[in-house]
Amino acid sequence: MDDKELGLILKELMSENLQERKRTRRWGIFFKCLGFTYLAGTLAVFTLYDPKNEADKYDSYTGVVTVRGEIKDDENTGYLTINKTLRKAFEDDKTKGVIVAINSPGGSPVHSHQIYLEMQRLQKKYPEKPLYAVVGDLAASGGYFIAAGAKAIYADETSLVGSIGVTAAGFGFVGAMEKLGVERRNYTSGEHKSLLDPYSPEKADEVELWNAQLQRTHEQFIEAVKSGRGERLKADTPNLFSGLLWNATEARAIGLIDEFGSIETVARDVIQAEHLKEFNEEPNPLSRLADRLGASIGAGFANSAMSSVLETFKNQAVLSNH
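Taking an unreviewed UniProt entry as the reference, the chain is identified by name as Protease-4 belonging to Azotobacter beijerinckii.

This is the structure we're talking about:
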(Lines give C-alpha, C1' and ligand atoms only; values in the text may rest on other atoms or scores of the structure.)
Protein backbone atom coordinates (compact mmCIF):
# COMPACT_ATOMS: atom_id res chain seq x y z
CA MET A 1 0.00 0.00 0.00
CA ASP A 2 1.52 3.31 -1.05
CA ASP A 3 1.34 6.61 0.84
CA LYS A 4 -1.48 7.90 -1.36
CA GLU A 5 -3.79 5.01 -0.54
CA LEU A 6 -2.90 5.22 3.15
CA GLY A 7 -3.73 8.91 3.14
CA LEU A 8 -7.12 8.28 1.55
CA ILE A 9 -7.94 5.63 4.15
CA LEU A 10 -6.93 7.93 7.03
CA LYS A 11 -8.95 10.77 5.52
CA GLU A 12 -12.00 8.54 5.22
CA LEU A 13 -11.64 7.33 8.81
CA MET A 14 -11.31 10.90 10.08
CA SER A 15 -14.39 11.91 8.09
CA GLU A 16 -16.42 9.04 9.54
CA ASN A 17 -15.23 9.89 13.07
CA LEU A 18 -16.19 13.52 12.58
CA GLN A 19 -19.65 12.56 11.35
CA GLU A 20 -20.10 10.20 14.31
CA ARG A 21 -19.19 12.96 16.75
CA LYS A 22 -21.66 15.31 15.04
CA ARG A 23 -24.41 12.71 15.35
CA THR A 24 -23.58 12.15 19.03
CA ARG A 25 -23.63 15.89 19.67
CA ARG A 26 -26.97 16.30 17.87
CA TRP A 27 -28.52 13.48 19.92
CA GLY A 28 -27.08 15.03 23.11
CA ILE A 29 -28.65 18.38 22.26
CA PHE A 30 -31.94 16.64 21.43
CA PHE A 31 -32.11 14.83 24.79
CA LYS A 32 -31.13 17.97 26.68
CA CYS A 33 -33.93 19.89 24.97
CA LEU A 34 -36.32 17.04 25.68
CA GLY A 35 -35.36 17.05 29.37
CA PHE A 36 -35.70 20.83 29.59
CA THR A 37 -39.13 20.68 27.92
CA TYR A 38 -40.24 17.99 30.39
CA LEU A 39 -39.09 20.04 33.39
CA ALA A 40 -40.68 23.22 32.03
CA GLY A 41 -43.95 21.39 31.38
CA THR A 42 -43.96 19.82 34.82
CA LEU A 43 -43.28 23.18 36.45
CA ALA A 44 -46.11 24.74 34.42
CA VAL A 45 -48.51 22.05 35.63
CA PHE A 46 -47.46 22.62 39.24
CA THR A 47 -47.85 26.37 38.81
CA LEU A 48 -51.10 26.51 36.88
CA TYR A 49 -52.87 23.57 38.48
CA ASP A 50 -52.87 23.65 42.25
CA PRO A 51 -55.54 21.44 43.93
CA LYS A 52 -55.54 23.82 46.89
CA ASN A 53 -57.03 26.53 44.67
CA GLU A 54 -59.75 24.38 43.10
CA ALA A 55 -62.33 25.97 45.42
CA ASP A 56 -61.61 29.44 44.01
CA LYS A 57 -63.98 28.83 41.10
CA TYR A 58 -66.95 28.57 43.50
CA ASP A 59 -68.94 31.43 45.01
CA SER A 60 -68.47 30.13 48.55
CA TYR A 61 -66.61 27.44 50.42
CA THR A 62 -65.58 26.21 53.83
CA GLY A 63 -62.15 27.33 54.95
CA VAL A 64 -59.91 24.61 56.41
CA VAL A 65 -57.01 25.29 58.76
CA THR A 66 -54.98 22.23 59.71
CA VAL A 67 -53.18 21.66 63.00
CA ARG A 68 -51.15 18.50 62.58
CA GLY A 69 -48.43 17.05 64.81
CA GLU A 70 -46.76 18.46 67.89
CA ILE A 71 -47.71 22.03 68.74
CA LYS A 72 -44.47 23.93 69.14
CA ASP A 73 -42.51 26.96 68.08
CA ASP A 74 -41.91 26.13 64.42
CA GLU A 75 -43.17 27.17 61.00
CA ASN A 76 -45.90 24.52 60.89
CA THR A 77 -47.69 24.45 64.25
CA GLY A 78 -46.42 27.53 66.08
CA TYR A 79 -49.13 30.01 67.05
CA LEU A 80 -47.79 32.74 64.74
CA THR A 81 -48.25 30.49 61.70
CA ILE A 82 -51.61 29.00 62.74
CA ASN A 83 -53.08 32.37 63.78
CA LYS A 84 -51.99 33.96 60.50
CA THR A 85 -53.71 31.12 58.64
CA LEU A 86 -56.87 31.51 60.71
CA ARG A 87 -57.02 35.23 59.88
CA LYS A 88 -56.62 34.50 56.16
CA ALA A 89 -59.51 32.05 56.32
CA PHE A 90 -61.85 34.47 58.10
CA GLU A 91 -60.87 37.48 55.99
CA ASP A 92 -61.65 35.66 52.74
CA ASP A 93 -64.97 37.00 51.42
CA LYS A 94 -65.96 33.60 50.02
CA THR A 95 -65.46 31.76 53.30
CA LYS A 96 -68.84 30.78 54.74
CA GLY A 97 -67.40 29.02 57.78
CA VAL A 98 -64.08 27.72 59.08
CA ILE A 99 -62.97 24.27 60.21
CA VAL A 100 -59.88 23.75 62.34
CA ALA A 101 -58.83 20.20 61.50
CA ILE A 102 -56.84 18.81 64.44
CA ASN A 103 -54.68 15.71 64.61
CA SER A 104 -52.24 16.41 67.42
CA PRO A 105 -50.88 14.82 70.60
CA GLY A 106 -50.43 18.25 72.12
CA GLY A 107 -47.36 20.30 72.88
CA SER A 108 -46.61 23.80 74.10
CA PRO A 109 -49.27 25.21 76.44
CA VAL A 110 -48.26 28.73 75.40
CA HIS A 111 -48.79 28.12 71.69
CA SER A 112 -52.00 26.17 72.32
CA HIS A 113 -53.37 28.98 74.48
CA GLN A 114 -52.49 31.66 71.92
CA ILE A 115 -54.27 29.75 69.16
CA TYR A 116 -57.28 29.23 71.46
CA LEU A 117 -57.43 32.99 72.17
CA GLU A 118 -57.19 33.91 68.49
CA MET A 119 -60.00 31.51 67.64
CA GLN A 120 -62.16 33.17 70.29
CA ARG A 121 -61.29 36.66 69.01
CA LEU A 122 -62.03 35.86 65.38
CA GLN A 123 -65.42 34.36 66.23
CA LYS A 124 -66.41 37.60 67.93
CA LYS A 125 -65.10 39.66 65.02
CA TYR A 126 -66.83 37.52 62.36
CA PRO A 127 -70.02 36.23 64.04
CA GLU A 128 -71.51 35.32 60.65
CA LYS A 129 -68.73 32.77 60.02
CA PRO A 130 -68.96 29.83 62.45
CA LEU A 131 -65.78 28.09 63.56
CA TYR A 132 -65.78 24.35 64.21
CA ALA A 133 -63.08 21.93 65.32
CA VAL A 134 -62.91 18.52 63.65
CA VAL A 135 -60.75 15.88 65.30
CA GLY A 136 -58.88 13.28 63.26
CA ASP A 137 -57.16 10.43 65.07
CA LEU A 138 -56.25 12.47 68.12
CA ALA A 139 -56.80 15.78 69.88
CA ALA A 140 -54.94 15.40 73.14
CA SER A 141 -53.63 17.89 75.67
CA GLY A 142 -52.70 21.03 73.68
CA GLY A 143 -54.59 19.65 70.70
CA TYR A 144 -57.77 19.54 72.77
CA PHE A 145 -56.93 22.95 74.30
CA ILE A 146 -57.20 24.36 70.76
CA ALA A 147 -60.39 22.42 69.97
CA ALA A 148 -62.07 23.88 73.05
CA GLY A 149 -61.84 27.30 71.44
CA ALA A 150 -64.28 26.38 68.65
CA LYS A 151 -68.04 26.86 68.56
CA ALA A 152 -68.46 23.07 68.47
CA ILE A 153 -66.23 20.01 68.30
CA TYR A 154 -66.81 17.09 65.93
CA ALA A 155 -64.89 13.83 65.84
CA ASP A 156 -64.95 10.40 64.28
CA GLU A 157 -66.39 7.68 66.49
CA THR A 158 -62.91 6.18 66.80
CA SER A 159 -61.11 9.43 67.61
CA LEU A 160 -59.38 9.98 70.94
CA VAL A 161 -59.74 13.29 72.77
CA GLY A 162 -58.93 14.85 76.11
CA SER A 163 -55.76 14.35 78.11
CA ILE A 164 -56.50 17.53 80.02
CA GLY A 165 -53.35 17.68 82.07
CA VAL A 166 -49.81 19.05 82.16
CA THR A 167 -46.57 17.12 82.21
CA ALA A 168 -42.89 17.88 82.49
CA ALA A 169 -40.44 14.99 82.39
CA GLY A 170 -36.71 14.56 82.67
CA PHE A 171 -33.95 12.27 83.93
CA GLY A 172 -31.71 12.08 86.96
CA PHE A 173 -28.07 11.07 86.44
CA VAL A 174 -26.74 11.32 90.00
CA GLY A 175 -26.37 7.57 90.57
CA ALA A 176 -24.75 7.01 87.16
CA MET A 177 -22.28 9.82 87.80
CA GLU A 178 -21.30 8.33 91.16
CA LYS A 179 -20.63 4.95 89.56
CA LEU A 180 -18.53 6.59 86.86
CA GLY A 181 -16.64 8.70 89.37
CA VAL A 182 -17.79 11.96 87.78
CA GLU A 183 -17.92 15.02 90.04
CA ARG A 184 -20.58 17.68 89.39
CA ARG A 185 -19.36 21.29 89.51
CA ASN A 186 -22.15 23.80 89.15
CA TYR A 187 -21.75 27.49 90.06
CA THR A 188 -24.82 29.74 90.33
CA SER A 189 -25.65 33.16 91.80
CA GLY A 190 -29.25 32.33 92.67
CA GLU A 191 -30.60 29.82 95.16
CA HIS A 192 -32.81 28.12 92.59
CA LYS A 193 -30.96 29.06 89.41
CA SER A 194 -30.22 25.39 88.65
CA LEU A 195 -33.77 24.28 89.46
CA LEU A 196 -34.19 20.51 89.04
CA ASP A 197 -30.67 20.09 87.70
CA PRO A 198 -30.57 16.45 86.45
CA TYR A 199 -26.97 16.06 87.61
CA SER A 200 -27.68 17.00 91.23
CA PRO A 201 -29.89 15.36 93.90
CA GLU A 202 -33.49 16.57 93.98
CA LYS A 203 -34.42 19.18 96.57
CA ALA A 204 -37.83 18.81 98.18
CA ASP A 205 -38.59 22.53 98.11
CA GLU A 206 -37.75 22.78 94.40
CA VAL A 207 -39.93 19.78 93.54
CA GLU A 208 -42.79 21.40 95.46
CA LEU A 209 -42.21 24.70 93.68
CA TRP A 210 -42.16 23.04 90.25
CA ASN A 211 -45.32 21.02 90.95
CA ALA A 212 -47.06 24.24 91.99
CA GLN A 213 -46.20 25.80 88.62
CA LEU A 214 -47.51 22.77 86.76
CA GLN A 215 -50.67 22.84 88.86
CA ARG A 216 -51.29 26.48 87.97
CA THR A 217 -50.86 25.73 84.26
CA HIS A 218 -53.26 22.81 84.67
CA GLU A 219 -55.82 25.09 86.29
CA GLN A 220 -55.54 27.54 83.39
CA PHE A 221 -56.08 24.66 80.96
CA ILE A 222 -59.18 23.54 82.89
CA GLU A 223 -60.54 27.10 82.99
CA ALA A 224 -60.12 27.43 79.22
CA VAL A 225 -61.93 24.12 78.60
CA LYS A 226 -64.79 25.05 80.91
CA SER A 227 -65.10 28.46 79.29
CA GLY A 228 -65.05 27.05 75.78
CA ARG A 229 -67.41 24.15 76.40
CA GLY A 230 -69.76 25.90 78.82
CA GLU A 231 -72.77 23.97 80.09
CA ARG A 232 -72.21 21.18 77.56
CA LEU A 233 -69.32 19.92 79.69
CA LYS A 234 -70.16 17.56 82.54
CA ALA A 235 -67.42 18.96 84.74
CA ASP A 236 -68.26 16.64 87.66
CA THR A 237 -67.24 13.55 85.64
CA PRO A 238 -64.63 11.55 87.62
CA ASN A 239 -61.10 11.82 86.17
CA LEU A 240 -62.25 14.34 83.56
CA PHE A 241 -59.27 16.59 84.22
CA SER A 242 -56.83 13.86 85.27
CA GLY A 243 -55.03 13.62 81.93
CA LEU A 244 -56.95 10.58 80.68
CA LEU A 245 -57.81 10.13 77.02
CA TRP A 246 -61.42 9.42 76.06
CA ASN A 247 -62.89 7.57 73.12
CA ALA A 248 -65.16 9.84 71.09
CA THR A 249 -68.28 7.93 72.17
CA GLU A 250 -67.45 8.53 75.83
CA ALA A 251 -66.29 12.05 75.05
CA ARG A 252 -69.65 12.95 73.55
CA ALA A 253 -71.49 11.60 76.59
CA ILE A 254 -69.52 13.85 78.96
CA GLY A 255 -69.50 16.91 76.73
CA LEU A 256 -65.90 16.92 75.51
CA ILE A 257 -67.22 16.86 71.94
CA ASP A 258 -70.61 17.71 70.44
CA GLU A 259 -71.23 15.21 67.66
CA PHE A 260 -69.65 12.69 65.32
CA GLY A 261 -68.54 14.07 61.99
CA SER A 262 -65.74 14.63 59.52
CA ILE A 263 -64.41 17.64 57.65
CA GLU A 264 -66.66 16.79 54.71
CA THR A 265 -69.85 16.23 56.71
CA VAL A 266 -69.38 19.37 58.80
CA ALA A 267 -68.72 21.46 55.68
CA ARG A 268 -71.68 19.98 53.81
CA ASP A 269 -74.30 19.54 56.55
CA VAL A 270 -73.40 22.09 59.23
CA ILE A 271 -71.75 25.01 57.44
CA GLN A 272 -73.61 24.12 54.22
CA ALA A 273 -70.65 24.95 51.98
CA GLU A 274 -69.37 21.60 50.77
CA HIS A 275 -66.41 22.89 48.77
CA LEU A 276 -63.22 23.08 50.81
CA LYS A 277 -60.52 25.72 50.65
CA GLU A 278 -57.28 24.87 52.47
CA PHE A 279 -55.52 27.91 53.87
CA ASN A 280 -52.35 26.41 55.30
CA GLU A 281 -49.35 27.67 53.39
CA GLU A 282 -47.33 25.19 51.36
CA PRO A 283 -44.01 25.51 49.53
CA ASN A 284 -44.17 27.28 46.17
CA PRO A 285 -44.53 25.12 43.04
CA LEU A 286 -40.79 25.22 42.29
CA SER A 287 -39.95 24.02 45.81
CA ARG A 288 -42.52 21.24 45.62
CA LEU A 289 -41.15 20.17 42.24
CA ALA A 290 -37.62 20.18 43.63
CA ASP A 291 -38.78 18.14 46.62
CA ARG A 292 -40.43 15.54 44.38
CA LEU A 293 -37.44 15.35 42.07
CA GLY A 294 -35.16 15.07 45.08
CA ALA A 295 -37.30 12.28 46.50
CA SER A 296 -37.28 10.46 43.16
CA ILE A 297 -33.53 10.80 42.80
CA GLY A 298 -33.04 9.73 46.41
CA ALA A 299 -35.26 6.70 45.91
CA GLY A 300 -33.39 5.76 42.76
CA PHE A 301 -30.06 6.13 44.50
CA ALA A 302 -31.28 4.09 47.46
CA ASN A 303 -32.56 1.34 45.20
CA SER A 304 -29.29 1.29 43.29
CA ALA A 305 -27.27 1.18 46.50
CA MET A 306 -29.46 -1.57 47.92
CA SER A 307 -29.09 -3.61 44.73
CA SER A 308 -25.32 -3.25 44.96
CA VAL A 309 -25.32 -4.34 48.59
CA LEU A 310 -27.53 -7.34 47.86
CA GLU A 311 -25.35 -8.30 44.90
CA THR A 312 -22.26 -8.08 47.11
CA PHE A 313 -23.84 -10.29 49.76
CA LYS A 314 -24.95 -12.76 47.12
CA ASN A 315 -21.44 -12.95 45.68
CA GLN A 316 -19.96 -13.41 49.14
CA ALA A 317 -22.48 -16.14 49.85
CA VAL A 318 -21.53 -17.91 46.62
CA LEU A 319 -17.85 -17.59 47.39
CA SER A 320 -18.33 -18.94 50.88
CA ASN A 321 -19.98 -22.06 49.54
CA HIS A 322 -16.85 -23.15 47.71
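Further notes follow.
Engineer: Go over the overall build of the chain with me, naming the residues and quoting the values.
Structural biologist: Of regular secondary structure, the chain possesses 9 helices and 8 strands. Buried residues in the chain amount to 32% of all 322 residues. Taking as baseline every contact in the chain between residues at least 6 positions apart, the subset at least 24 positions apart corresponds to 71%. Accessible surface computed for the chain: about 20800 Å², of which carbon and sulfur atoms make up 56%.

Engineer: I'd love a proper account of the pairing of strand E2 (residues 95–104), names of residues and values included.
Structural biologist: Along a regular strand, successive side chains alternate from one face of the sheet to the other. Burial within E2 is extensive, with 8 of its 10 residues counted as buried. Inspection of the sheet shows strand E1 (residues 61–68) paired to E2 by 8 bridges, in the parallel sense. Bridging across to E2, Thr62 finds its partner in Gly97. Since E1 and E2 lie parallel, the crossover through helix H2 (residues 79–91) that links them has a hand, and here it is right-handed. Sheet topology places E2 next to strand E3 (residues 131–140); 6 bridges connect them, and they run parallel.

Engineer: Break down helix H3 (residues 109–125) for me, with residues and values.
Structural biologist: Here H3 is 17 residues long and its end C-alpha atoms lie 24 Å apart, about the 24 Å a rise of 1.5 Å per residue gives. Along H3, the residues that are buried comprise His111, Ser112, Ile115, Tyr116, Glu118, Met119, Leu122 and Gln123. One face of H3 carries all of its buried residues, which in axial projection span an arc of 165 degrees. For H3, the exposed residues lying more than 90 degrees away from the buried face are Val110 and Lys124. If you follow the buried residues of H3, they end up packed against H2, E2, E3, helix H4 (142–147) and helix H6 (204–229).

Engineer: Hey, could you go over the pattern of salt bridges for me, with residue numbers and the actual values?
Structural biologist: Counting across every chain of the model gives 12 salt bridges. Of the charged contacts in the structure, one is a salt bridge between Glu223 and Arg216, with a shortest N-O distance of 3.6 Å. The salt bridge partner of Asp258 is Arg229, with a shortest N-O separation of 2.8 Å. Taken together, the positions of Asp258 in the loop between helix H7 (248–253) and strand E7 (259–260) and Arg229 in helix H6 put the pair 29 residues apart, joining distant regions of the chain. Here Asp258 matches Arg229 in class, with each residue buried.

Engineer: So what about the side chain of Ser141? Which residues, and what values?
Structural biologist: The topology assignment puts Ser141 in the loop between E3 and H4. Taking the relative accessible area as the measure of exposure, Ser141 reaches 16% and is therefore buried.

Engineer: Let's hear about the pairing of strand E4 (residues 152–155): which residues, and what values?
Structural biologist: Along E4, one buried face is formed by Ala152 and Tyr154 and the opposite face, lined by Ile153 and Ala155, is buried too. With 4 bridges joining them, E3 and E4 adopt parallel strand pairing. The partner of Val134 across the bridge, within E4, is Tyr154. For E4 and E7, the ladder comprises 2 bridges, and the chain directions are parallel.

Engineer: So what about a nonpolar patch on the surface? Which residues, and what values?
Structural biologist: A cluster of nonpolar side chains, namely Phe171, Phe173 and Tyr199, defines an oily patch on the protein surface of about 340 Å² accessible area. By the secondary structure assignment, Tyr199 is in the loop between helix H5 (174–180) and H6.

Engineer: Describe the nonpolar core, with residues and values.
Structural biologist: The nonpolar side chains of soluble globular proteins are, as a tendency, buried together. Core analysis: the biggest nonpolar cluster contains 45 residues, and Tyr144 and Leu256 have the highest contact counts within it. The residues contacting Tyr144, other than those within four sequence positions of it, are Ala139, Ile153, Val161, Gly162, Ile164, Val225, Arg229, Gly255 and Leu256.

Engineer: Mind laying out a positive patch on the surface, listing which residues take part and the relevant values?
Structural biologist: On the surface, Arg21, Lys22, Arg25 and Arg26 cluster together to form a positively charged patch. The topology assignment puts Arg26 in helix H1 (residues 3–48). For Arg26, a relative accessible area of 52% puts it in the exposed group.

Engineer: Describe the packing of aromatic side chains, listing the residues and the values that go with them.
Structural biologist: Across all of its chains, the model carries 5 aromatic pairs by this definition. Arranged with centres 4.8 Å apart and planes meeting at 10 degrees, the rings of Phe145 and Phe221 form a pair that is stacked. Residue Phe145 is found in helix H4, and its partner Phe221 is found in helix H6; the two are separated by 76 residues along the sequence. On the accessibility criterion, Phe221 (4% relative accessible area) is buried. Linked through ring pairs, Tyr116, Phe145 and Phe221 together constitute an aromatic cluster.

Thresholds, definitions, all that
The written sequence of each chain sets the order in which its residues are numbered from 1. For a predicted model such as this one, the threshold for reporting local features is a pLDDT of at least 70, and the threshold for listing and counting side-chain atom pairs is 80 or more; totals across whole chains, interfaces and linings nevertheless cover every residue. Hydrogens and waters are ignored; side-chain quantities use all the structure's heavy atoms. Per the convention used, a helix needs a DSSP run of H or I reaching at least four residues, while a strand needs a run of E reaching at least two, with both numbered from the N terminus. Think of it in three bands: with a 1.4 Å probe and only protein chains considered, a residue is buried below 20% of the maximum accessible area for its type, exposed above 50%, and partly exposed in between. Contacts are residue-level and defined by heavy atoms, with any inter-residue pair within 4.5 Å sufficient. Residue burial considers only the protein chains on display, and all accessible areas are found by Shrake-Rupley using a 1.4 Å probe. The pairing criterion for strands is at least two bridges between them, as found by DSSP. A crossover counts as right-handed when, viewed with the strands pointing away from the observer, the path leading from the first strand over the helix to the second turns clockwise. A helix is expected to span 1.5 Å multiplied by its residue count minus one. The arc in question is formed by the directions pointing from the helix axis toward the C-beta atoms. Put simply, a salt bridge is a Lys or Arg side-chain nitrogen that is within 4 Å of an Asp or Glu carboxyl oxygen. In this analysis, a patch consists of residues with relative accessible area above 30% that form no salt bridge, clustered at 9 Å for like charges and at 5 Å for the nonpolar side chains Val, Leu, Ile, Met, Phe, Trp and Tyr. Here the nonpolar core consists of buried residues drawn from Ala, Val, Leu, Ile, Met, Phe, Trp, Tyr and Cys, with membership extended through side-chain atoms lying within 4.5 Å. Counting rule applied: Lys, Arg positive; Asp, Glu negative; His and chain ends not counted. Charged side chains are reduced to one point each, which is NZ for Lys, CZ for Arg, CG for Asp and CD for Glu. Ring geometry is summarised as follows: Phe, Tyr and Trp rings, the Trp one being its six-membered ring, pair when their centres sit within 6.5 Å, and such pairs are stacked at plane angles under 30 degrees, edge-to-face over 60 and tilted between the two.

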